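Topology and contacts: notes
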Amino acid sequence: MAIVGTTIFSHILPVIFGFFSFILIISGSLEEDKAKLALGVTLFIIACVFPYVILSVLV
């Protein structure tokens, strides 16, 4: 039985993080701003790893 809230951590937050990471990556590469690009890449990695870490603790 799934715990209430797992949908948020497995489907909603990673999509939001992924969306903003793509915006930051594109913006950083077009403006040649390395801080935005690094933040976008970091946010993308967090969006990929986040569900596995949180759901392994919750379930």
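Residues numbered from 1 in each chain as written. Predicted model: local features only at pLDDT ≥ 70, side-chain atom pairs only at ≥ 80, totals over all residues. Heavy atoms only, no water.

**Some words on the overall build of the protein chain**
Along the backbone of the protein chain there are two helices and zero strands. The C-alpha atoms of the protein chain give a radius of gyration of 14 Å, which is well past the 10 Å a tight globule of 59 residues would have. In terms of its C-alpha atoms, the protein chain occupies a principal-axis envelope of roughly 45 × 15 × 10 Å. Expressed as a percentage of the 59 residues in the protein chain, the buried residues total 20%. Sequence-distant contacts, at least 24 apart, represent 50% of the contacts inside the protein chain between residues at least 6 apart. Summed over all atoms, the accessible surface of the protein chain reaches about 4400 Å², with 79% contributed by carbon and sulfur. (Helix = DSSP H or I, 4+ residues; strand = E, 2+ residues; numbered from the N terminus. Rg over C-alpha atoms; globule rule 2.2 N^0.38 Å. Buried < 20%, exposed > 50% of the residue type's maximum accessible area, 1.4 Å probe, protein only. Contact = heavy atoms within 4.5 Å. Areas by Shrake-Rupley, 256 points an atom, 1.4 Å probe, with all protein chains shown as cover.)

**What to know about the packing of helix H1 (residues 6-31) against helix H2 (residues 34-58)**
Relative orientation of the contacting elements H1 and H2 amounts to 170°, with a least axis distance of 6 Å. By the angle class used here, H1 and H2 are roughly antiparallel. Partitioned by chemical class, the residues of the contact of H1 with H2 number 20 nonpolar, eight polar and two charged. (Axes fitted to C-alpha atoms, helices over the stretch in contact; angles between N-to-C directions. Parallel < 35°, antiparallel > 145°, perpendicular 65-115°, else oblique. Nonpolar A, V, L, I, M, F, W, Y, C, P; charged D, E, K, R; others polar.)

**Some words on the pattern of salt bridges**
All told, the structure shown has one salt bridge when counted by the stated rule. Glu 31 is the salt-bridge partner of Lys 36, the closest N and O atoms lying 3.0 Å from each other. When its relative accessible area of 52% is taken as the criterion, Glu 31 is described as exposed. (Salt bridge = Lys/Arg side-chain N within 4 Å of Asp/Glu carboxyl O.)

**Considerations on H1**
For H1, spanning 26 residues, the distance from its first C-alpha to its last is 37 Å, which sits close to the expected 38 Å at 1.5 Å a residue. Residue Ile 12 marks the point of greatest curvature in H1, where the axis turns by about 35°; the proline Pro 14 follows within four residues. When H1 is considered as a whole, its buried residues turn out to be Thr 6, Pro 14, Gly 18, Ser 21, Leu 24, Ser 27 and Gly 28. Structurally, H1 contributes buried residues whose contacts are with H2. Looking at the residues trailing H1, positive phi occurs at Glu 32, about 55°. (Expected span 1.5 Å × (residues − 1). Bend = angle between axes of the 7 residues up to and from the residue.)

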